[in-house]
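Chain by chain, the residues:
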Amino acid sequence: MRRLLSWVFNAPKVIRTVWLSVSPLQLKNSPRFLCTSSMQGDSICNGTHGKKALLSDPQLFEERFEELVTELTERDLADPVLTDALNRLREVLVYNAPGGKRNRGLSVIGSLRELLPPPGLTQDTVQRALLVGWCIELLQAFFLVADDIMDGSVTRRGQPCWYKRDGIGLDAINDSFLLEGSIYRLLRRHCRDQPYYVHLLELFNETSFQTELGQALDLMTAPPGHVDLSRFTMERYQAIVKYKTAFYSFYLPVAAAMYMAGINDEEEHNNAKHILLEMGEFFQIQDDYLDCYGDPSVTGKIGTDIQDNKCSWLVVRALEIMTPEQRAELEACYGRSDGASVDKVKALYNTLQMPSLYRTYEEESYQRLQKLIACHAQNLPHSVFLNFAKKIYKRNK
């Protein structure tokens, strides 16, 4: 038996199947926990048994969503007078939570796999990681529903924004609150007895507040109908990106996985944060570029940063290199919704060779990330950060 277990845990990483049991005598009839991983790094050591043991993380993630929707709308509150409200919650969840790239949510289980040895990935641990991942996706949905209203956006993820649907309108504000409230109900129901529960509550609360501060900076820097390009500095842009995007999109999922793995040391979290906030800036600059140059059929949304007077990387970088004449033209056209003005701004960007400048930035930023990982992740698996970086490098949506 010892030889068998020794072979199992030291088998090649390409394919590894592990049977764990309560005792050697029960090995024959015990549940089977399949643990496989590939050379490409798409680990499916999922800690589940039966048919689910053959599912990839994205497939497990999808299945978990259906379970959580049922739990929130059918099993959580049983008061019959809430039937209509709970039906509305189901509709809000199903329309707004799925459909994205799910990088944030999947990064919780992905990071946890790098932080815990396979025996630590019990079925309960995996299910909780998938749940925490969906809590991050619900936080994202909460932000996006509200943000689309504030920005007057038209489409999101290839479909009309929630508030744009018939009969929704500004009722979507309360729907965004339902999405946020669902996070804490799920965390309480599934994580309250875990040693990391308070850490997760504080992490979600802190991250939400940081994101809302970033949104406030964004709204104040570029109020609708009032164009003031003197506010569009790189310092302000980086502050907006750090607080509005980087904390919740990059630090939150990895920090959650770290707490779930028992890593509470403040220095280790600061090291991870240093890397992940830089990655978040890289991600947002990509987003700004794709808003102007991306294919809407691929990105799932129609870019409106120019019309919305957004403090984006493109306009900030262009202001640093353009002539006074070009600046005057930009001031006359930026923040206007008519097609002619938008086309003039895009023509200015092309004259300034913004696509070329972006590609140079993208390559330099990726190399800088590699150095940060080598410097700050000395006690953490580099793969936690490299896997994240690979997902966003040279993305087109």
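Everything that follows concerns the structure shown earlier in this document.
Below or above, wherever it landed, is the structure these notes cover. (Residues numbered from 1 in each chain as written. Predicted model: local features only at pLDDT ≥ 70, side-chain atom pairs only at ≥ 80, totals over all residues. Heavy atoms only, no water.)

On to the environment of Tyr251, then. Tracing the sequence through the fold places Tyr251 in helix α8 (residues 234-260). Considered as a pair, Tyr251 and His269 are 18 residues apart in the sequence and their alpha carbons are 9.0 Å apart. Residue contacts for Tyr251: discarding those within four places in its chain leaves Leu203, Ala246, His269, Lys273 and Leu276. (Helix = DSSP H or I, 4+ residues; strand = E, 2+ residues; numbered from the N terminus. Contact = heavy atoms within 4.5 Å.)

Along the chain, Thr221 turns up in helix α7 (residues 197-221). Among the residues examined, Thr221 registers a relative accessible area of 1% and is labelled buried. At a separation of 2.6 Å, a polar atom in the side chain of Thr221 contacts the main-chain carbonyl oxygen of Leu217. Other than its neighbours up to four places away in sequence, Thr221 contacts Arg231, Phe232, Arg236, Ile240 and Cys311. (Buried < 20%, exposed > 50% of the residue type's maximum accessible area, 1.4 Å probe, protein only. Polar contact = N/O pair within 3.5 Å; in protein donor to acceptor, adjacent residues only side chain to side chain.)

Quick look at the pattern of salt bridges now. Applying the stated rule across the entire model yields 16 salt bridges. Here Glu74 and Arg90 are joined by a salt bridge, their closest N and O atoms 2.8 Å apart. With Glu74 in helix α2 (residues 57-75) and Arg90 in helix α3 (residues 83-96), the pair connects residues that are 16 residues apart, well separated along the chain. For Glu74, a relative accessible area of 52% corresponds to the exposed category. For Arg90, a relative accessible area of 27% translates into the label partly exposed. Lys244 is the partner of Asp218 in a salt bridge, and the nearest nitrogen-oxygen pair spans 2.7 Å. Residue Asp218 is found in helix α7, and its partner Lys244 is found in helix α8; the two are separated by 26 residues along the sequence. (Salt bridge = Lys/Arg side-chain N within 4 Å of Asp/Glu carboxyl O.)

Once that is clear, we can look at the packing of aromatic side chains. A complete count under the given rule lists 13 aromatic pairs for this structure. On the basis of an interplanar angle of 35 degrees and a centroid distance of 4.5 Å, the ring pair of Phe65 and Trp134 is categorised as tilted. Here the residue Phe65 occupies a position in helix α2, and Trp134 occupies one in helix α5 (residues 123-151), the gap between them amounting to 69 residues. Taking relative accessible area as the criterion, Phe65 reaches 5% and is therefore assigned buried. Ring plane angle 50 degrees and centroid distance 5.1 Å describe the contact between Tyr95 and Trp162, whose orientation is recorded as tilted. In this pair, Tyr95 sits in helix α3 while Trp162 sits in the loop between β2 (159-160) and α6 (172-191), placing the two residues 67 residues apart along the sequence. Three or more aromatic residues link up through ring pairs in this structure, and these residues are Phe282, Tyr289, Tyr293, Trp313, Tyr358 and Tyr361. Over the face of the ring belonging to Tyr251 we find Lys273, whose NZ or CZ atom lies 5.0 Å from the ring centre. (Phe/Tyr/Trp six-rings, centres within 6.5 Å; stacked < 30°, edge-to-face > 60°. Lys NZ or Arg CZ within 6 Å of the ring centre and 35° of its normal.)

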